[in-house]
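Close look at the chain arrangement
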Amino acid sequence: MFRKVIQHSFLALVILLLVSSCSDNNNAYDENNDNQNEESIENVYSEEDFLELNKNEIIAFYDNIGFEIIDLILEDRVYEKNGNIRQLKGVALDDYPRRLNDSMNEKKVKLYSERLIEFRNGFIDSISNETILEDFINSKDMLLQSSFFNDTIIGLDTERLTRKDKPKYISLVDIINKNADEAITRLSEIKNQPIIESNANDALRIEKQDVFNEKMKTKENSLIWISLLGVSVLINIFQFVFFRKNIKDIKEQSNNNQNKYLKENTKEYKRSSQENLATSIPAKLKRDRVKEIINEAYNNMQQLLSDKYHQDCVMLISDQLNSYRSKAIDGLNSISFHNQLEVEKKVKPIIDEHQSILERELEICIPKSKAEIDIKNTVKRENFIEVANIELLSEDEINSIIQQMKQITFLDLTPTINKNQLAAKIDELEENIIEALQKKIKDNLVYYFPFTDANGSLDDEKKTKAIERDSAIKLSINNEDMSKATFTLLYEEDDMMQAGIMSYDSFLVPICELKSEDFNSTGTRIEQTGDDGTMELEDGYWKVKNKLPIKVI
């Protein structure tokens, strides 16, 4: 009997060592496979990695051309006569609005940089890895062909002539194209890198997790069996030492213990299996419930935007928000979720990205009421001191013109407008006011006279503001030099023109250049054949300096 106990104990120890060895081999095998799997995906990129690389290249491109554009405008227009140019080289485009101030010199340039950022962000939000090269080229062409680039960046100089043919601006277009070619080269290199599908990557991670879980479960089972075998050995030794005299009782007790052990373990195994089965297959959320959770998340985002921004601006982006909502629902429709927390965790980064895009648009959105206030505070009487000469226009006339032009602009405003559009509106309004003031001044310096005397002189005291019965000459005084003027005949005054033709030597010859071949003695109409004539004021009389070229037909 003693020999049998020893044999059983020895057999138990052998089994113990074999199980331990198998466990170690399995662990080594699993670790080996894990290392191989990790190495297999080490040198490839995911779709998200490619998207981030492409975004970085586009940001770098706009940083480069942004510096070239803004630096040229600062040098050519803002600080043309002042060497104190703001240094922006090496500064990211996003930092330009903070570096530039709200002074009269830099305010417009600051808005130009914000418009460039808006143009860049609009492209980044729409990029796709598959069509990045074509989309980038189209985006660059759209920038160069846009009214923002041609009418604002290039625009007109102080003499109202386009800057398009100036060397600096020709060079600017070449620089943009050169930077675009370099960016295209880098984007092509990125596109040629190996890629791993996100679904395959997720499947690989799930498979690795399953292998890890199975490995842990195997280790736990190995430890249990090792413990049981160890206990069995100890029991055999204990039975031999203390109960050797009553071998029969030991056998019976051993059998009873074994039966009891098997019975208890069978019950425990059944209960554990049932629990594992119940927890391994949790219930799935219905699609309608998933949709409700996503809708609720987007409603919360919309409410947050409504609390933070003007309602008109939020209404403006409501269609875009609903489009994002539909895309999120469609994108998550094929995924299985077991509880609300899983859905919220999955949809949160999507909503965060959409909220960021919408907030960028809302940040530059201005409601009509605020736009009117901004226009009133920006466009003031003192802005037109150089143009509105109070010697030629009364304060009432100046203020009336400014208010009239403002009202026209207010009527043209939409319920919402962005910062760049508002800046353009203000620029247009100020230009219209200047034109209206100049026209009013010019109209105020127009006078009417009868025909001159035989010497071609007009008595300044005989001028009138309205056309009268004997009016024949229209005199326009130069507002910059009140002693100089241009003149022409009132061709629409038939009676006076007929009188001039009949007495051409007295009325026309002193002030007009009339060649013999251009005179028809039976003619009934006078036509001007060149520029207006000129006169100068001397001792209260306007005297002809350059005669008016005409012909009688």
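Whatever comes next refers back to the structure up there.
The text that follows walks through the structure, step by step, so that each part is easy to find. (Residues numbered from 1 in each chain as written. Predicted model: local features only at pLDDT ≥ 70, side-chain atom pairs only at ≥ 80, totals over all residues. Heavy atoms only, no water.)

1. Digging into the sheet that holds strand S8 (residues 526-528)
Spatial strand order, S7-S11-S8: 3 strands in an open sheet with mixed pairing. Edge positions in the open sheet fall to strand S7 (512-513) and S8, since each of these has one partner strand only. Both S8 and strand S11 (residues 548-552) contribute to a ladder of 3 bridges, which runs antiparallel. Along S11, the bridge assignment pairs Gln-528 with Ile-550. (Pairing = 2+ DSSP bridges. Helix = DSSP H or I, 4+ residues; strand = E, 2+ residues; numbered from the N terminus.)

2. Topic: the environment of Thr-162
Tracing the sequence through the fold places Thr-162 in the loop between helix H6 (147-154) and helix H7 (167-191). Between the C-alpha atoms of Thr-162 and Asp-151, which are 11 residues apart in sequence, the distance is 8.9 Å. Contacts of Thr-162, omitting those with residues within four sequence positions, involve Ile-154, Gly-155 and Leu-156. (Contact = heavy atoms within 4.5 Å.)

3. Quick look at the pattern of salt bridges
Going through the model one piece at a time under the given rule, you end up with 20 salt bridges. With a closest N to O distance of 4.0 Å, Glu-397 and Lys-440 form a salt bridge. Taken together, the residues span a long stretch of sequence, with Glu-397 in helix H15 (residues 395-412) and Lys-440 in helix H16 (residues 419-444) at a distance of 43 residues. Glu-397 gets classed as partly exposed once you look at its relative accessible area, which sits at 26%. The class for Lys-440 is partly exposed, based on a relative accessible area of 31%. (Salt bridge = Lys/Arg side-chain N within 4 Å of Asp/Glu carboxyl O. Buried < 20%, exposed > 50% of the residue type's maximum accessible area, 1.4 Å probe, protein only.)

4. Some words on the packing of aromatic side chains
Under the counting rule described, the total for this entry stands at 5 aromatic pairs. For the pair Tyr-504 and Phe-519, a centre-to-centre distance of 4.4 Å together with 40° between the ring planes defines the contact as tilted. Taken together, the residues Tyr-504 in helix H18 (residues 504-507) and Phe-519 in the loop between S7 and S8 connect sequence positions 15 residues apart. Residue classification places Phe-519 among the partly exposed positions, given a relative accessible area of 22%. Here the aromatic cluster, defined as three or more aromatic residues joined through ring pairs, consists of Phe-61, Tyr-62, Phe-123 and Phe-136. Between the NZ or CZ atom of Lys-463 and the centre of the ring of Tyr-447, over which it lies, the distance is 5.3 Å. Lys-465 extends its terminal NZ or CZ atom over the ring of Tyr-447, reaching a point 4.7 Å from the ring centre. (Phe/Tyr/Trp six-rings, centres within 6.5 Å; stacked < 30°, edge-to-face > 60°. Lys NZ or Arg CZ within 6 Å of the ring centre and 35° of its normal.)

5. Quick look at the nonpolar core
Ile-375, Ile-433, Ile-473, Leu-475, Leu-489, Ile-526 and Trp-542 are the most contacted members of the largest nonpolar core, which totals 44 residues. For this core, the secondary structure elements donating two or more residues are helix H14 (368-378), H15, H16, strand S3 (446-449), strand S5 (473-477), strand S6 (484-489), helix H17 (494-502) and S11. No other element matches the 6 residues that H16 contributes to this core. Those residues in contact with Leu-489, other than ones at most four positions away along the chain, are Phe-451, Ala-472, Ile-473, Met-497, Leu-508, Ile-511, Cys-512, Ile-526 and Leu-548. By size, the runner-up hydrophobic cluster in this structure holds 41 residues, among which are Ile-69, Leu-74, Leu-172 and Ala-183. (Core = buried A, V, L, I, M, F, W, Y, C linked by side-chain atoms within 4.5 Å.)

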